[in-house]
Amino acid sequence: APRSASKPRIFLPHLVASLEVEETYIMVKPDGVQRGLVGEIISRFEKKGFKLTGLKLFECPKELAQEHYKDLQSKPFFPKLIEYITSGPVVCMAWEGVGVVASARKLIGSTNPLQAEPGTIRGDLAVQTGRNIVHGSDSPENGKREVALWFKEGELCQWTPSLEPWLVE
Ligand code: ADP
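Model, not experiment: these values are computed from the prediction.

The next point concerns the pairing of strand β1 (residues 21-28). Along β1, 6 of the 8 residues are buried, which leaves the element largely enclosed by surrounding structure. By the bridge criterion, 8 bridges tie β1 to strand β3 (residues 90-98) in an arrangement that is antiparallel. Along β3, the bridge assignment pairs E22 with G97. Two elements, β1 and strand β4 (residues 134-136), share 3 bridges in a ladder whose sense is antiparallel. Pairing of V28 across the sheet is with V134, part of β4.

Bringing the nonpolar core into the picture now. Counting 19 residues, the largest nonpolar core has I26, I41, F45, W95, I121 and I133 as the members making the most contacts within it. Among the secondary structure elements, those contributing two or more residues to this core are β1, α3 (38-48), β3, α6 (100-108) and α7 (121-125). With 4 residues, the top contributor of residues to this core is α6. Setting aside its immediate chain neighbours within four residues, I133 contacts M27, V28, K29, D31, G32, R35, L37, I41, Y84, I121, L125 and A126. Counting 17 residues, the second-largest nonpolar core is a separate cluster that includes M27, L64, A65 and Y84.

Turning next to the UniProt feature "binding site: ATP" (unreviewed entry) in the protein chain. UniProt feature "binding site: ATP" (unreviewed entry): in the numbering of this structure it lies at K29, F77, R105, T111, R122 and N132. Checking the named residues against the largest pocket, the ones that line it are K29, F77, R105, T111, R122 and N132. Within the secondary structure, K29 sits in the loop between β1 and α2 (30-34). Residue contacts for K29: discarding those within four places in its chain leaves Y69, Y84, I85, V90, R122, N132, I133, V134 and H135. By the secondary structure assignment, T111 is in the loop between α6 and α7. Of the residues examined, T111 reaches a relative accessible area of 45% and is grouped as partly exposed. Setting aside residues no more than four positions away along its own chain, T111 makes contact with R122, T129 and N132.

Right, let's talk about the layout of surface pockets for a bit. One number sums up the size of the largest pocket: a volume of about 770 Å³. As for the largest pocket, its lining consists of 29 residues, and the residues nearest its centre are K29, Y69, L72, F77 and L81. For the lining of the largest pocket, the elements supplying multiple residues, two or more each, are α2, α5 (78-85), β4 and α8 (140-150). Ranked by residue count, the leading element in the lining of the largest pocket is α5, at 4 residues. When grouped by side-chain class, the residues that make up the lining of the largest pocket number 6 nonpolar, 11 polar and 12 charged. One number sums up the size of the second largest pocket: a volume of about 390 Å³. Along its surface, the second largest pocket is lined by 18 residues, and G49, F50, K51, E96 and L167 are the ones closest to its centre. Those elements that provide at least two residues to the lining of the second largest pocket are α3, β2 (51-58) and β3.

Reading the values: the criteria
Numbering of residues begins from 1 in every chain and follows the order in which that chain's sequence is written. In view of the model being predicted, local features appear only for residues whose pLDDT reaches at least 70, and side-chain atom pairs are presented and counted only at 80 or more, with totals across whole chains, interfaces and linings using the full set of residues. Hydrogens and water molecules were not included; the side-chain quantities draw on all heavy atoms of the structure. In this scheme, a residue with accessible area under 20% of its type's maximum is buried, one over 50% is exposed, and one in between is partly exposed, where area comes from a 1.4 Å probe on protein chains only. Each helix is a run of DSSP H or I of at least 4 residues and each strand a run of E of at least 2, with the numbering of both proceeding from the N terminus. A pair of strands is considered paired only if DSSP assigns at least 2 bridges between the two. Definition of nonpolar core: a set of buried residues of the types Ala, Val, Leu, Ile, Met, Phe, Trp, Tyr and Cys, connected through side-chain atoms within 4.5 Å. Residue contacts are counted whenever heavy atoms from the two residues lie within 4.5 Å of one another. UniProt positions are given in the numbering used here, feature names are shortened, and annotations may be inferred rather than shown by experiment. Here a cavity denotes a set of grid points, spaced 1 Å apart and computed over the protein atoms alone, in which a 1.4 Å probe fits but from which it cannot get out, and a pocket denotes an open set meeting protein on both sides within 12 Å along at least five of seven lines; residues with an atom within 4 Å of a point are reported as lining. Grid points are joined across faces, edges and corners, and a volume is the space filled by probe spheres set on the points. Three classes are used, and their members are as follows: Ala, Val, Leu, Ile, Met, Phe, Trp, Tyr, Cys and Pro are nonpolar, Asp, Glu, Lys and Arg are charged, and the others, Gly among them, are polar.

Set out below in structure tokens:
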């Protein structure tokens, strides 16, 4: 039998790295802040070679958490999720780079930290879905939407890292 008949393939568009310069919204959730993992998490994106364009420590209002996670409104865990995200300060970040959306999702690892590969942030540093320490946008569209939702214009910084020629051709 042809291979396609015996072995169905799953195509995950959001995990295919793009060659476009994109932006993504990354957030250290309250458990990551409380556990002292802010530096470790920022460091992983820095070392990879992405560009930080926004950064703040922030106490998230309930309405903003609800807007951010509005696609999950109907899920049974939604109220607990909102309680979790508003339970303490979060660290909001905007990152920019070639294929940053899918690449950041790979660095972060699966939603359930027990299924996340070792080497990923969640795989190395977390154990439970409801305490998975970090958020990353799941599409370029949501990257734009979420950066605009969490940051005001003047809070973002456009700059050219001097190392850029050593990271991108
Ligand atoms: P991701 O953050 O990996 O994109 P989702 O968008 O599916 O995952 O969910 C958003 C967040 O909601 C998760 O990161 C997690 O904090 C929480 N969450 C998702 N599923 C569950 C669940 N079954 N129980 C508790 N919390 C959940």
